[in-house]
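# Coordinates in review
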Amino acid sequence: VQLVESGGGLVQPGGSLRLSCVASGFTFSMSDMSWYRQAPGKERELVAVIRSAGGTTNYADSVKGRFTISRDNAKNTVDLQMNSLKPEDTAVYYCKALVVRNWRNYLYWGQGTQVTVSS
């Protein structure tokens, strides 16, 4: 299993970034996919999740209305569109896959991509 994130960088407050995660090594279309983030000195937190069935999404309250998670099962990608960015969105963003094999859940993480929101 491999998850590779890209798209991070430095952006001014109010700006936008689009993160992308390319997945391989498992049946992507059958796996729930999530974005998490971890700021310095803080615990890793869930940002958004998109389910395998039906594409249902959920967001952390802090990003609702600003971030949008989407997936393309044909390309094995999950994206996070981030608009109206704030300094408090600064963190390392991680892609996570929940893979079910033989009725057991396995969690896989990408290496992370840095997002810095600063003027």
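Residues numbered from 1 in each chain as written. Predicted model: local features only at pLDDT ≥ 70, side-chain atom pairs only at ≥ 80, totals over all residues. Heavy atoms only, no water.

### A look at the sheet that holds strand β8 (residues 77-82)
Pairing in this open sheet of four strands is antiparallel, and the strands run β1-β3-β8-β7 from one edge to the other. Edge positions in the sheet fall to β1 (2-6) and β7 (67-72), since each of these pairs with one other strand and no more. With direction set aside, neighbouring strand axes in the sheet form an average angle of 15 degrees. In terms of strand pairing, β7 meets β8 through six bridges, oriented antiparallel. By the bridge assignment for β8, F67 is matched with M82. (Pairing = 2+ DSSP bridges. Helix = DSSP H or I, 4+ residues; strand = E, 2+ residues; numbered from the N terminus. Axes fitted to C-alpha atoms, helices over the stretch in contact; angles between N-to-C directions.)

### A short note on the nonpolar core
Membership of the largest hydrophobic core comes to 29 residues, with the highest contact counts inside it found for M33, W35, V78, L80, M82 and Y93. Among the secondary structure elements, those contributing two or more residues to this core are β3 (17-24), β4 (32-38), β5 (45-50), β7, β8, β9 (91-101) and β11 (113-117). Among the elements that make up this core, the one with the highest residue count is β9 (five residues). In this view, M82 contacts G15, S16, L17, L19, R66, F67, Y93 and V115; residues no more than four positions away in its chain are not counted. (Core = buried A, V, L, I, M, F, W, Y, C linked by side-chain atoms within 4.5 Å. Buried < 20%, exposed > 50% of the residue type's maximum accessible area, 1.4 Å probe, protein only. Contact = heavy atoms within 4.5 Å.)

### A look at the pairing of β1
Only one face of β1 is buried: it carries L3 and E5, and the other face, with Q2, V4 and S6, is open. Across five bridges, the pairing between β1 and β3 is antiparallel. Residue pairing for β3: L3 is matched across the bridge by A23.

### Quick word on the packing of aromatic side chains
Geometrically, a pair of aromatic rings is defined through the distance of the ring centres and the angle of the planes. Applying the stated criterion across every chain yields a total of three aromatic pairs. Taking the centre distance of 4.9 Å and the plane angle of 70 degrees together, the rings of Y36 and W109 count as edge-to-face. Here the residue Y36 occupies a position in strand β4, and W109 occupies one in strand β10 (residues 104-109), the gap between them amounting to 73 residues. With a centroid separation of 6.4 Å and an interplanar angle of 85 degrees, the aromatic rings of Y94 and W109 are classed as edge-to-face. Of this pair, Y94 sits in strand β9 while W109 sits in strand β10, placing them 15 residues apart in sequence. (Phe/Tyr/Trp six-rings, centres within 6.5 Å; stacked < 30°, edge-to-face > 60°.)

### Some details on the pattern of salt bridges
What the rule picks out here adds up to six salt bridges. A salt bridge links R37 to E45; the nearest nitrogen and oxygen atoms lie 2.7 Å apart. Take R37: its relative accessible area is 6%, and that puts it in the buried class. Of the charged contacts in the structure, one is a salt bridge between R66 and D89, with a shortest N-O distance of 2.7 Å. (Salt bridge = Lys/Arg side-chain N within 4 Å of Asp/Glu carboxyl O.)

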